[in-house]
There are 2 protein chains.
Amino acid sequence: MVNRPPGKRSLAPSHVYALLEPGPVVLLTTAYRGRANVMTQSWHTMIDFEPPIVGCVVSDRSFSFTFLRASGECVINVPSVRLAAQVVGCGNCSGRTVDKFARFGLTALPASRVQPPLIAECHASLECKVVDTRLVSKYDLFILEVVKAWTTPTKRPPRTIHHLGSGLFMVSGKTIRLPSRMR
Amino acid sequence: MVNRPPGKRSLAPSHVYALLEPGPVVLLTTAYRGRANVMTQSWHTMIDFEPPIVGCVVSDRSFSFTFLRASGECVINVPSVRLAAQVVGCGNCSGRTVDKFARFGLTALPASRVQPPLIAECHASLECKVVDTRLVSKYDLFILEVVKAWTTPTKRPPRTIHHLGSGLFMVSGKTIRLPSRMR
């Protein structure tokens, strides 16, 4: 049994893919030696359903790379469009010189299985451990296992944001149902 | 100089990321020994800008896996919501028993640098070669280099579709501009 962060609801591992597969911009938190950081990220993909495996590119020029490499842990937090200003702000500066939690008013909550914090304001948080580093040196590609997933109950489905490049973002639109036999 | 497929416009390598980063469902074409196939896919991520490197998960249970593994080539085609029925149809059957191009009325166009065809009805097509197979046996994850990219000029930005799981799809919504310094 793990501690439930305030306001969060546990999500079954088999449902994690539905959060990342549509391609949202995410906020990735890391921690090392008692210091936490957060970066904006959108180069990620699901790799397996259960346990949920995720591939995630973290540039070796980023401060988060150092933390992720050293600690082997991160949390992938999914923000809605209401956090768009903070998401872009986190992408425009480096944790080397800024405490981004303080600057952007993001609330760190203790995770249950890893050291990096959840972000309270995000509607989903995936606690991850690095399970494969074979493609890190060449591609900055980390293979992560989601060891615990949380969501925040919301009245309406949150609108996610999707990076189109050069300051343009797509906001998730209407949902349609099609007779898919895909999972 | 490569042959330009009819109706298509060449896209600079540095612009490719804007097509895949928002997470659209794509149609992946492969070919082997003169036979082409197409599968529906949405587990992919950008890995590098230029040359554009893409990570792509193709299940080893799929017919496309055999073709991709044997030929080392594929084309990632980006459909708009107008092709939603065909996209779902291609995901619901296997090329082992069906000629999906014929069944779903998809027009195969010769690519310029690889054997698998472009799909004329898709608004973007990325010709890819497999450049790293280290994570194929464990994760079905192929590392691809986009060797040539094509788009179809359209009056309005095409609405892409994004898989939410279990037959639910999000259609891309409005576009917003934010003061991002991210590429």
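Residues numbered from 1 in each chain as written. Chains lettered and ligands numbered in written order. Predicted model: local features only at pLDDT ≥ 70, side-chain atom pairs only at ≥ 80, totals over all residues. Heavy atoms only, no water.

K.L.:
Looking at this structure, I do not really get the side chain of A:Asp140. What am I missing?
P.N.:
In this fold, A:Asp140 is placed in the loop between helix H5 (136-139) and strand E10 (141-151). With sequence-adjacent residues up to four places away left out, A:Asp140 is seen in contact with A:Cys56, A:Val57, A:Val58, A:Ser59, A:Asp60, A:Phe65 and A:Leu135. (Helix = DSSP H or I, 4+ residues; strand = E, 2+ residues; numbered from the N terminus. Contact = heavy atoms within 4.5 Å.)

K.L.:
Explanation requested: the packing of aromatic side chains in the structure shown.
P.N.:
Centre distance and the angle of the planes are the two values used to describe a pair of aromatic rings. Scanning all chains against the criterion turns up 10 aromatic pairs over all chains. On the numbers, 6.0 Å between centres and 50 degrees between planes, the contact of A:Tyr32 with A:Phe67 is tilted. In this pair, A:Tyr32 sits in strand E2 (residues 26-32) while A:Phe67 sits in helix H2 (residues 63-71), placing the two residues 35 residues apart along the sequence. For A:Tyr32, a relative accessible area of 28% gives the class partly exposed. The class of A:Phe67 is buried, set by a relative accessible area of 6%. Arranged with centres 4.7 Å apart and planes meeting at 55 degrees, the rings of A:Trp43 and B:Phe49 form a pair that is tilted. Note that A:Trp43 is positioned in the loop between strand E3 (35-41) and strand E4 (44-48) and B:Phe49 in the loop between strand E4 (44-48) and strand E5 (53-57), a pairing that runs across two chains. With relative accessibility at 11%, the residue A:Trp43 sits in the buried group. An aromatic cluster is built from A:Tyr17, A:Phe49 and B:Trp43, whose rings are joined through pairwise contacts. Of note, A:Lys148 hangs over the ring of A:Trp150, and the distance from its end group to the ring centre comes to 4.9 Å. (Phe/Tyr/Trp six-rings, centres within 6.5 Å; stacked < 30°, edge-to-face > 60°. Buried < 20%, exposed > 50% of the residue type's maximum accessible area, 1.4 Å probe, protein only. Lys NZ or Arg CZ within 6 Å of the ring centre and 35° of its normal.)

K.L.:
Got a minute to help me understand the interface of chain A and chain B in this structure?
P.N.:
The parts lose accessible area when they come together, and the size of an interface is often stated as this lost area. The interface of chain A with chain B comprises 51 residues on the first partner and 51 residues on the second. Both faces considered, chain A and chain B share a buried interface measuring about 5,100 Å² in area, 63% of it formed by carbon and sulfur atoms. Here chain A and chain B share 0 salt bridges between them. Of all the elements, strand E12 (residues 168-177) of chain A adds the most residues to the side of chain A that touches chain B, at 10 residues. Of the residues contributing to the side of chain A that touches chain B, the split by class is 26 nonpolar, 16 polar and 9 charged. With 7 bridges connecting them, E12(A) and strand E12 (residues 168-177) of chain B associate as antiparallel partners. Bridged to A:Met170 within E12(B) is B:Thr175. (Buried area = accessible area lost by both parts, 1.4 Å probe. Salt bridge = Lys/Arg side-chain N within 4 Å of Asp/Glu carboxyl O. Nonpolar A, V, L, I, M, F, W, Y, C, P; charged D, E, K, R; others polar. Pairing = 2+ DSSP bridges.)

K.L.:
Would you mind going over the relation of the copies chain A and chain B with me for this structure?
P.N.:
Put simply, the two copies of the chain differ by a rotation about an axis and a shift along that axis. After a rotation of 180 degrees and a shift along the axis of 0.0 Å, chain A superposes on chain B with an RMSD of 0.0 Å. The superposition of one copy onto the other is thereby described by a two-fold rotation axis. (Least-squares fit on C-alpha atoms with pLDDT ≥ 70 in both.)

K.L.:
What exactly am I supposed to notice about the sheet that holds strand E11 (residues 161-165) of chain B here?
P.N.:
If you walk across this open sheet you meet the 4 strands as E11(A)-E12(A)-E12(B)-E11(B), and the pairing is antiparallel. Every other strand in the sheet has two partners, leaving strand E11 (161-165) of chain A together with E11 of chain B as the edge strands with one partner each. Recorded for the sheet is a direction-independent mean angle of 40 degrees between the axes of neighbouring strands. Sheet topology places E11(B) next to E12(B); 4 bridges connect them, and they run antiparallel. Residue pairing in the sheet places B:Gly165 in a bridge with B:Leu168 of E12(B). (Axes fitted to C-alpha atoms, helices over the stretch in contact; angles between N-to-C directions.)

K.L.:
Even after reading the chapter, I still don't get the pattern of salt bridges, so can you show me in this structure?
P.N.:
Between side chains of opposite charge, pairing is possible as soon as their charged atoms come close. Residues and elements named next belong to chain A. Counted under the stated rule, the structure contains 4 salt bridges over all chains. In this structure, Glu73 engages Lys129 in a salt bridge whose closest nitrogen and oxygen atoms are separated by 3.1 Å. Linking Glu73 in strand E6 (residues 73-78) with Lys129 in strand E9 (residues 124-132), this pair joins segments that are 56 residues apart in sequence. Accessibility expressed as a relative area gives 28% for Lys129, which makes it partly exposed.

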